[in-house]
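Coordinate analysis (summary)
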Amino acid sequence: MKKKDNLENWKKNAINELKTPNVDNIFINTQEGINIKPLYTSEDNENITHLDSYPGEPPFLRGPKATMYTGRPWTIRQYAGFSTASESNKFYKKNLASGQKGLSVAFDLATHRGYDSDHERVYGDVGKAGVAIDSVEDMKILFDGIPLDKMSVSMTMNGAVLPVLAGYIVAAQEQDVSTRELSGTIQNDILKEFMVRNTYIYPPEPSMRIVSDIINFTSKEMPKFNSISISGYHMQEAGASLVQELAFTIADGLEYIRAATKSGLLVDDFAPRLSFFFAIGMNFFMEAAKLRAARYLWSQWTKKLFNCQNPKSQMLRTHCQTSGASLQEQDPYNNIIRTTIEALAATLGGTQSLHTNSFDEAIGLPTEFSAKIARNTQLILQHETGITDTVDPLAGSYFVESMTKELIDKSNELIEKIEEMGGMTVAVINGFPKSEIEISATKRQAKIDSGEQVIVGVNKYKSDEKEKVDVLDIDNKAVREEQIKKLNEIKQARNSKEVNKALQNLKQAAKENIGNLLDLTVVAIEARATVGEVSYALEEVYGRYGVKQDIIKDVYKSSYQNEEDFKEVDIALSNFKNIAGENPKIFMAKLGQDGHDRGAKVIASAFTDIGFSVEIGTLFQTPKEAVDLAIELGVHVIGISSLAAGHKTLIPELIDELKKRQADDILVVCGGVIPAQDYQFLYDAGVAAIFGPGTPIPDAASTTINKAAEQLMRMHNFRKARTK
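Residues numbered from 1 in each chain as written. Predicted model: local features only at pLDDT ≥ 70, side-chain atom pairs only at ≥ 80, totals over all residues. Heavy atoms only, no water.

1. Things to note about helix 13 (residues 368-384)
Between the first and last C-alpha of helix 13 there are 23 Å, a value that for 17 residues agrees with the 24 Å anticipated at 1.5 Å per step. Burial in helix 13 covers these residues: Ser-370, Ala-371, Ala-374, Arg-375, Thr-377, Gln-378, Leu-381 and Gln-382. The arc that holds the buried residues of helix 13, viewed along the axis, is 140 degrees, so those residues lie on one side. Along helix 13, exposed side chains directed more than 90 degrees from the buried face belong to Phe-369, His-383 and Glu-384. The inward-facing, buried residues of helix 13 abut strand 3 (75-76), helix 2 (85-97), helix 12 (334-349) and strand 12 (353-355). Taken from the residues just after helix 13, Gly-386 is the one with a positive phi, measuring 80 degrees. (Helix = DSSP H or I, 4+ residues; strand = E, 2+ residues; numbered from the N terminus. Expected span 1.5 Å × (residues − 1). Buried < 20%, exposed > 50% of the residue type's maximum accessible area, 1.4 Å probe, protein only. Arc of directions from axis to C-beta. Contact = heavy atoms within 4.5 Å.)

2. Regarding the nonpolar core
With 79 residues, the main nonpolar core has Phe-248, Leu-407 and Met-424 as its most contacted residues. Looking at this core, the element that brings in the most residues is helix 9 (residues 242-262), giving twelve residues. The residues contacting Met-424, other than those within four sequence positions of it, are Leu-191, Met-195, Phe-248, Ala-251, Asp-252, Glu-255, Ile-418 and Pro-433. Membership of the second largest hydrophobic core comes to 56 residues, among which are Phe-143, Ala-171, Leu-503 and Ala-524. (Core = buried A, V, L, I, M, F, W, Y, C linked by side-chain atoms within 4.5 Å.)

3. Examining the pairing of strand 10 (residues 274-280)
In terms of burial, strand 10 is largely enclosed, as seven of its seven residues are buried. Here strand 10 shows a buried face lined by Leu-274, Phe-276, Phe-278 and Ile-280 and a second buried face lined by Ser-275, Phe-277 and Ala-279. Sheet analysis places strand 9 (residues 228-231) next to strand 10, joined by four bridges and oriented parallel. Across the sheet, residue Ser-231 finds its bridge partner in strand 10, namely Phe-277. Two elements, strand 10 and strand 11 (residues 318-322), share five bridges in a ladder whose sense is parallel. Each bridged residue has a counterpart across the sheet, and for Phe-276 the counterpart in strand 11 is Thr-318. What joins strand 10 to strand 11 is helix 11 (residues 284-306), and the crossover it makes is right-handed. (Pairing = 2+ DSSP bridges. Right-handed = clockwise from strand over helix to strand, strands pointing away.)

4. As for the pairing of strand 13 (residues 585-589)
Burial analysis of strand 13 places four of its five residues in the buried class, the great majority of the element. The parallel pair strand 13 and strand 14 (residues 613-616), bridged by helix 23 (residues 598-610), forms a crossover whose chirality is right-handed. Of the pairings in the sheet, the one linking strand 13 to strand 15 (residues 637-642) comprises four bridges and is parallel in character. In the strand pairing of strand 15, Met-588 is matched with Gly-639.

The values are spatial; any link to function lies outside them.
Here you go:
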């Protein structure tokens, strides 16, 4: 009775302080559908069964290792790569000398999509958002002077995973390092690509065969290497709630175990080498609880479905990265604080390794200065805060334990739904997770734009001062020319018969479903086949995958709290209709190999709700293809979303193509991660408006409509003058 009396007394005090008739109504409803109470007590933990668990033992909720950071702190593993292999190699060596403990390689979009640097579709992407890798010779330069028998290497690669992993293996062998000594991780998480990231090459079924072959090869030949990094990171970046990130990531992992066991492997022979990758956003306590919940969920589901005998098969180990989506262009130094908070949440949640983002990544590629701050954030957390002194320091918190349980329960509901569908491959083919994440992203954007969700410096506490921030600018043309020169040299020096034979064997194995595709790719890469040649050989058998982009409707405006914000939009729409006799038509384009489509999809959804007629193109278009479709559709505006630094090459070419086709009456606007220093360049090229990160969608809509109306009037007056 005493507990209840104490709680009632607290409620009376709270009601008096808050001047509300019922304190139980003061809940914060989160994106996850979890109601956060104003007070948690021991009563909230009475039905929680995991409170007496220990780290290092199933269900591993408190950590995969018994001693966690008291024995050894998490690995500082900064994700980096840009320009050429030689430039990235210099950067890696500096970072390693400054305290970084493992490498994490970022590849450019051309490499991700299985194209060599000389391919006509990738001229704007080479070396821009990662390092360009065309052959094993590039891999050898990338790791020159870095002993691969001692250095753990993580590679974020999914689409072109076969030639990239084979290139790493062959580079190591030519360093006299055997495959059995290699340690690290290959992402190899293709299901996530079909949901959110979109750097896939082949359809889902053959892609799953590739995943299975890699798990098979590494379990036998690379015992220290993690064959897959099952990634929730990109889901959260695309707008997923934390429950969606948890459930879809765990469901992906279960699907990969199914694929590997169907190919003949025993679960305990490979499951201990599976690893995970989560995003850590700004919801501090929930993010820490999420990692605890993830370990519990993985332990329970693997035991339930696959009856693992080795406890390590139930043990979830994870890398984490602070959120790129939480970084803001406005007041960019605030991002240092955001990253520190997220890094602390990741470590209190028990991550095994961590990447901290640089503060300037919402503006452009990180500089050496910003990368140093990001790295030192982790060093300070490890050495100055005392958080490595004890295991799972948040354990027993009424709030954190209750939150952990809520995340487990809600994630289980979603996992069970996917299992009932037939597993994640079926769910992905049906578009279920992609649609759910896009709805979540659109709702979140409406909350930010309306001010319901506060982003400091963006929609509240704005500063009039503009911080000048140096941005790394890659000379894309110079990188491409250097890569093409190296490609030509390799092709002249190699034995073409050996290459052709190796590629033919690879194609035959793919066609007849025989052999191991990674094993055969290693032979082709040894013979100096290129990334593009290996990818194309498989493309001839499997085809190159593409999907029609859908638009989520009736979500943005219904989630928006303040109708007043749409007054200017409505006035602009009415004015436009008076001039054009119809609603404005906009074509949303993604140019080059950038698969990040969250921005384009959210804008398409919101603009549809606002009153635009919206068409959205397929991913990976060339400027010419985008113009062809825009003219065919008869649009007034082309909106371009750019997040991978190709804007200075691709957008001017699109505008030139419009001029050639005498269609320059179509307005061009763009948005995304575009450095302010590039704005004038784009305006001079003919861009009518640029919407940086944090621009409220109603503002972008009214500006676009008004500029389109002005363009129509100009063209009308011009034609009128000509007829006179």
